[in-house]
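# Chains, contacts and geometry: an overview
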Amino acid sequence: MIECPSCGRSPVERARVVHHMLCAYVGPLYDFMPEGSSYRCPKCHLILNDGADDSEIVGYSYHCSACGFEQVEGYE
Ligand SMILES: [Zn+2]
Ligand SMILES: [Zn+2]
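Here goes a summary of the coordinates provided. The model shown is predicted, which means the values in this text are computed figures rather than measured ones.

Parameters and conventions
Residues numbered from 1 in each chain as written. Chains lettered and ligands numbered in written order. Predicted model: local features only at pLDDT ≥ 70, side-chain atom pairs only at ≥ 80, totals over all residues. Heavy atoms only, no water. Helix = DSSP H or I, 4+ residues; strand = E, 2+ residues; numbered from the N terminus. Contact = heavy atoms within 4.5 Å. Donors = N, O, S within 2.8 Å, 3.2 Å for Na, K, Ca; no water. Tetrahedral: all angles 85-135°; square planar, octahedral: opposite > 155°, others 65-115°. Buried < 20%, exposed > 50% of the residue type's maximum accessible area, 1.4 Å probe, protein only. Salt bridge = Lys/Arg side-chain N within 4 Å of Asp/Glu carboxyl O. Phe/Tyr/Trp six-rings, centres within 6.5 Å; stacked < 30°, edge-to-face > 60°. Lys NZ or Arg CZ within 6 Å of the ring centre and 35° of its normal.

### A few points about the side chain of Ser55
Tracing the chain through its elements places Ser55 in strand β5 (residues 55–63). Aside from chain neighbours lying at most four places away, what touches Ser55 is Val18, His19, His20, Met21, Leu48 and Asp50.

So this is what it looks like as structure tokens:
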């Protein structure tokens with residue numbers, strides 16, 4: 001658990017930031033709609049297919065629900 005660097009009261013939620021290569025959408029995984037064992041892209045509405053390498057994780061986003069703090073951290 002990582003404590004919120006802004007308010008220090010609440011653990012921040014960590015979410016993967018996904019890049020959907022078919023439509024160039026980039027957003028945290030919670031923006032994608034769960035679909036079976038995969039996710040549906042909120043922009044083009046296609047289902048992510050891990051086997052086809054049509055999406056990649058480009059970083060992580062941190063969000064605190066207590067104070068609204070948000071930070072995105074990319075891979076190096
Ligand atoms: Zn906070
Ligand atoms: Zn898409």
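Still to come is the rest of the account.
### Section: the coordination of the zinc ion (ligand 2)
Those donors, His20 (ND1), Cys23 (SG), Cys41 (SG) and Cys44 (SG), are the protein atoms that reach the zinc ion (ligand 2), and they lie 2.0 to 2.3 Å from it. Relative to the metal, the four donor atoms surrounding the zinc ion (ligand 2) lie at angles of 106 to 114°, and the coordination shape comes out tetrahedral. Taken in sequence order, the residues that donate to the zinc ion (ligand 2) follow the motif H-x2-C-x17-C-x2-C. Of this pair, His20 sits in strand β1 (residues 13–20) while Cys41 sits in the loop between β4 (38–40) and β5, placing them 21 residues apart in sequence. Across the pair, Cys41 and His20 agree in class, each one buried.

### Remarks on the pattern of salt bridges
Within the structure shown, the criterion is met by one salt bridge. One salt bridge in this structure joins Arg40 and Glu35, with 3.0 Å as the shortest N-O distance.

### Some words on the packing of aromatic side chains
A complete count under the given rule lists one aromatic pair for this structure. Ring centres of Tyr25 and Phe32 lie 5.6 Å apart, and the angle between their planes is 75°; on these two criteria the pair is classed as edge-to-face. Both residues of the pair, Tyr25 and Phe32, belong to the buried class. Seen from the ring of Tyr60, Arg14 lies directly overhead, with NZ or CZ sitting 4.0 Å from the centre.

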